[in-house]
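# Survey of secondary and tertiary structure
For reference, the chains in residue letters:
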Amino acid sequence: MAKFYLTTAIDYANADPHLGQALEKIGADAIARYRRLRGDDVHFLMGMDEHSQSVVQAAEENQVPPQEWVDRMAVRFEEFYQRLECSHNDWIRTTEPRHRRAVEALLGGIREHNPDDLFIDTYEGLYCSGCEEFKQESQIADGRCTEHPTLDLVPKKEENHFFRLSRHGAELVRLIQSGEFQVEPAIRRNEIVRLLEDGLQDISISRSRFPWGIPFPGDPDHTVYVWFDALINYLSATGFPDAGYERLWPAQLHVIGKGITRFHCVVWPAMLRSAGLPLPRKVWAHGYVQWEGAKMSKTAGTAISLESALERHGPDSLRYFLLREVGFEADGNFTWERFDERYVADLADGLGNLASRSLAMLVKYREGVVSTTENTTSLDQAGLDALEQYATRMDVLDLRGGLEAAWSLVGRANQYIVETAPWTLAKEGRGAELDTALGTLARCLYRLALMVSPFMPGTAARLRDALGQDEASPAAWESGVAPPVEGSRTRRIQALFPKEQRAKTI
RNA sequence: GGCAGGGUAGCUCAGGUGGUGAGAGCGCAGCACUCAUAAUGCUGAGGUCGCGGGUUCGAGUCCCGCCCCUGCUACCA
């Protein structure tokens, strides 16, 4: 059994999760479920990033101590992700002792293997006395801090611990181009390679006067810079540095958003190399969910609440829509109109109706019992083709492509029903042909349940149940070749995607 | 500004190395069917392939110029 360790980015504990974060978790979960379906020993990690400045601010605004705040947020996030049917095996939080130990150990590893990679230098920047922090260009407007436009920004120097990132650029280019360290999709890889070729600057990895963080080993006046801290979560969750962490590390896949590729494809691998540790196999940077064609923004009031998106048509439908319409590669658009259109066309009238009509005919004409018939009709062949195409796409993390393959089979199945017209066969007493048609449809639904299961676990379970499959024995990918439905007792099914719900619009 | 990727039917997009009538899905219009969530199937309407030049017997498909969009441009999650 191949080990497959995958992670998502950990979220800041400063506000409820939004649709964009949901996309990332759903996509990663579909990958995790697909790998399990293919027989891998999957370890799927999600969690919280709890040491940032924004977390402290959020805690202050809510008038609770930071730890109490992050405890509260961690519960909220995990509840949301459970409602999204995320199947993570572990949930890491950067305020946990196991994480602190790993951060200390990783820094220790760098000290041991490449002591020159750590040094003290001065960080120079524009300091806002109102915020009590250094400001980045993006936070400055007209030479003033956007939060405190009445105050002057003052140039200030601070002694910090630095990491010699510049030393690792050339080797990272080699590792990326040789494929030893994969950055996907290609557009993100190209951006990173160019960045590396232009040369890297060393980065400061500690902050003074910021107590909410992990104390810098050997220098208690400093805390570890939040990004340096956060990246290490992927390693913390393996049990590092305790013996046995190699059972999980290196990760097969880090799933992240395109906005943080630099940290994951440059800083993180450099940290690992410096500490003498192996690199993750692959980083996948997905795009963003846009709203009406524009970036979603809470301040602009265009952020859709995850709550309302979940309530619209339920978690399976949201998962389907995001991965089919928005996709997991480039940016994609979310609108209620498209969500409703896809819900009706693809789910209710597509998969849902196909299941209804097929199962209804099995019950009506054969009391639900699937006869033994040859697994060789044109629709069986289409099913095998779809499975192959599906796997080809899914193996390269083309989730939308996987769904397209499955839905092409939905279309073929509806054509098959019209071509064979089982109602006519029943009327004319052509029993053998009727058995063949109905058996073929049962196999087709079984294959669809298989392909749909990583995306819509609840729907797949209901389909399998209606097909008389025993849930105690989980479906194996290989069973799609010759679905074990013969002799099964199938049942009529309640609408998988009822349309009445659609009236309940916002 | 630099680098990268795009602008093809109302919408979302396919269209390696140029070659008979430019495609898919959704939506729309007709027809058919009745097993089904008034579902499904078939047929059809719909396109200056961003703009202007050029190469070629022949260009969404190559070259030049221009217009527009998006992403990246380092210590920000």
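Please read all numbers here as calculations on a predicted model, not as lab measurements.

### Description of the packing of helix 6 (residues 186-197) against helix 9 (residues 261-274)
Helix 9 packs onto helix 6 with a crossing angle of 50 degrees between their chain directions and a minimal axis gap of 11 Å. Between helix 6 and helix 9, the interaxial angle falls into the category oblique. The interaxial crossing formed by helix 6 with helix 9 has right-handed handedness. Of the residues in helix 9, those touching helix 6 at Arg188, Ile192, Leu195 and Leu196 are Thr261, Arg262, Cys265 and Val266. Here the contact of helix 6 with helix 9 is built from residues that sort into five nonpolar, one polar and two charged.

### Examining the sheet that holds strand 12 (residues 206-208)
Across the sheet, which stays open at both edges, the three strands sit in the order 12-14-13 with antiparallel pairing between neighbours. The sheet is open, and its two borders are formed by strand 12 and strand 13 (215-216), each paired with just one other strand. Sheet topology places strand 13 next to strand 14 (residues 219-224); two bridges connect them, and they run antiparallel. Of the residues in strand 14, the one forming a bridge with Phe216 is Asp219.

### Focus on helix 2 (residues 53-61)
What helix 2 keeps buried is the set Val55, Val56, Ala58 and Ala59. The arc enclosing the buried residues of helix 2, seen along the axis, measures out at 160 degrees, which places them on a common side. Turned more than 90 degrees away from the buried face of helix 2, the exposed residues are Glu60 and Glu61. Residues of helix 2 that are buried make contact with strand 3 (41-49) and helix 3 (66-83). Of the residues flanking the end of helix 2, it is Gln63, one or two places downstream, whose phi is positive at about 55 degrees.

### Overview of unusual backbone geometry
The step from Glu184 to Pro185 runs through a cis peptide bond, and the omega angle for that step is -10 degrees. Position of Pro185 among the secondary structure elements: in the loop between strand 10 (182-184) and helix 6. A cis amide bond links Phe240 to the next residue, Pro241, at an omega of 5 degrees. Relative to the assigned elements, Pro241 resides in the loop between helix 8 (233-236) and strand 15 (253-257). At Glu367, a position not held by glycine, the phi torsion is positive, near 55 degrees. Here Ala421, not a glycine, exhibits a phi torsion of approximately 45 degrees, which is positive. Counting through the fold element by element, Ala421 comes out in the loop between helix 14 (399-420) and helix 15 (422-427).

### What about the domain arrangement of chain A?
Here chain A is described as being made up of domain 1 (3-303) and domain 2 (317-480). Domain 1 and domain 2 are separated by 39 Å when their C-alpha centres are compared. If you look at the interface, domain 1 gives 32 residues, while domain 2 gives 31 residues. Summed over both sides, the interface between domain 1 and domain 2 buries roughly 2,700 Å², with carbon and sulfur atoms accounting for 66% of that surface. The interface formed by domain 1 and domain 2 contains four salt bridges. Between Lys258 and Asp331 there is a salt bridge whose closest N-O contact spans 2.9 Å. Between the two partners, domain 1 and domain 2, sit 13 residue pairs in polar contact (both at pLDDT 80 or more). Contributions of two or more residues to the side of domain 1 that touches domain 2 are made by helix 1 (19-37), strand 15, strand 16 (282-286) and strand 17 (289-291).

### A short note on the packing of helix 5 (residues 169-178) against helix 9
Relative to each other, helix 5 and helix 9 sit at 105 degrees, their axes nearing to 10 Å. Considering the angle they form, helix 5 stands roughly perpendicular to helix 9. Facing Glu171, Leu172, Leu175 and Ile176 of helix 5, the residues of helix 9 in contact are Cys265, Val266, Pro269, Ala270 and Arg273. When grouped by side-chain class, the residues that make up the contact of helix 5 with helix 9 number seven nonpolar, no polar and two charged.

### Thoughts on the pattern of salt bridges
One side chain can pair with another of opposite charge once the charged atoms of both are near each other. For the coordinates displayed, the defined rule picks out 38 salt bridges. Residue Arg76 pairs with Asp16 through a salt bridge whose shortest N-O separation is 2.5 Å. In this pair, Arg76 is assigned in helix 3 and Asp16 in the loop between strand 2 (11-12) and helix 1, connecting sequence segments 60 residues apart. For the salt bridge of Arg324 with Asp346, the shortest nitrogen-to-oxygen distance reads 3.9 Å. On the criterion of sequence distance, the pair formed by Arg324 in helix 11 (residues 315-326) and Asp346 in helix 12 (residues 336-366) is long-range, its members being 22 residues apart. For the pair Arg324 and Asp346, a shared accessibility class is recorded, and that class is buried. Counted as one network, the salt bridges with shared partners bring together Arg324, Glu325, Arg338, Glu341, Arg342 and Asp346.

### Thoughts on the pairing of strand 1 (residues 3-8)
Two faces, one strand: in a regular strand the side chains alternate between the faces of the sheet. By the criterion of burial, strand 1 is predominantly enclosed, with five of the six residues buried. Of the strand pairs in this sheet, strand 1 and strand 3 are connected by five bridges, and their pairing is parallel. Its bridge partner lying in strand 3, Thr7 is registered against Leu45. Pairing analysis gives three bridges linking strand 1 to strand 15, with the strands arranged parallel. Bridging across to strand 15, Thr7 finds its partner in His254.

### Notes on the packing of aromatic side chains
Counting across every chain of the model gives 19 aromatic pairs. Residues Tyr320 and Trp407 carry aromatic rings whose centres are separated by 4.7 Å and whose planes lie at 45 degrees to one another, so their mutual orientation is tilted. Residue Tyr320 is located in helix 11, and its partner Trp407 is located in helix 14; the two are separated by 87 residues in the primary sequence. Trp407 shares its class with Tyr320; the two are buried. Members of the aromatic cluster, connected to one another through ring pairs, are Tyr5, Tyr234, Trp249 and Trp268. Here Arg164 stacks its cationic end above the ring of Phe119, 4.2 Å away from the centre of that ring. It is Arg262 that lies over the ring of Phe263; its NZ or CZ is 5.9 Å from the centre.

### A short note on the nonpolar core
Residues Leu318, Phe334 and Trp407 are the most contacted members of the largest nonpolar core, which totals 107 residues. Shared between two domains, this core takes at least three residues from each, and those domains are domain 1 (3-303) and domain 2 (317-480). Leu45, Phe216, Ile260 and Val267 belong to the second-largest nonpolar core, a separate cluster that totals 55 residues.

Conventions used here
Residues numbered from 1 in each chain as written. Chains lettered and ligands numbered in written order. Predicted model: local features only at pLDDT ≥ 70, side-chain atom pairs only at ≥ 80, totals over all residues. Heavy atoms only, no water. Axes fitted to C-alpha atoms, helices over the stretch in contact; angles between N-to-C directions. Helix = DSSP H or I, 4+ residues; strand = E, 2+ residues; numbered from the N terminus. Parallel < 35°, antiparallel > 145°, perpendicular 65-115°, else oblique. Left-handed = near helix turned anticlockwise from the far one by under 90°. Contact = heavy atoms within 4.5 Å. Nonpolar A, V, L, I, M, F, W, Y, C, P; charged D, E, K, R; others polar. Pairing = 2+ DSSP bridges. Buried < 20%, exposed > 50% of the residue type's maximum accessible area, 1.4 Å probe, protein only. Arc of directions from axis to C-beta. Domains from an automatic or database assignment. Buried area = accessible area lost by both parts, 1.4 Å probe. Salt bridge = Lys/Arg side-chain N within 4 Å of Asp/Glu carboxyl O. Polar contact = N/O pair within 3.5 Å; in protein donor to acceptor, adjacent residues only side chain to side chain. Phe/Tyr/Trp six-rings, centres within 6.5 Å; stacked < 30°, edge-to-face > 60°. Lys NZ or Arg CZ within 6 Å of the ring centre and 35° of its normal. Core = buried A, V, L, I, M, F, W, Y, C linked by side-chain atoms within 4.5 Å.

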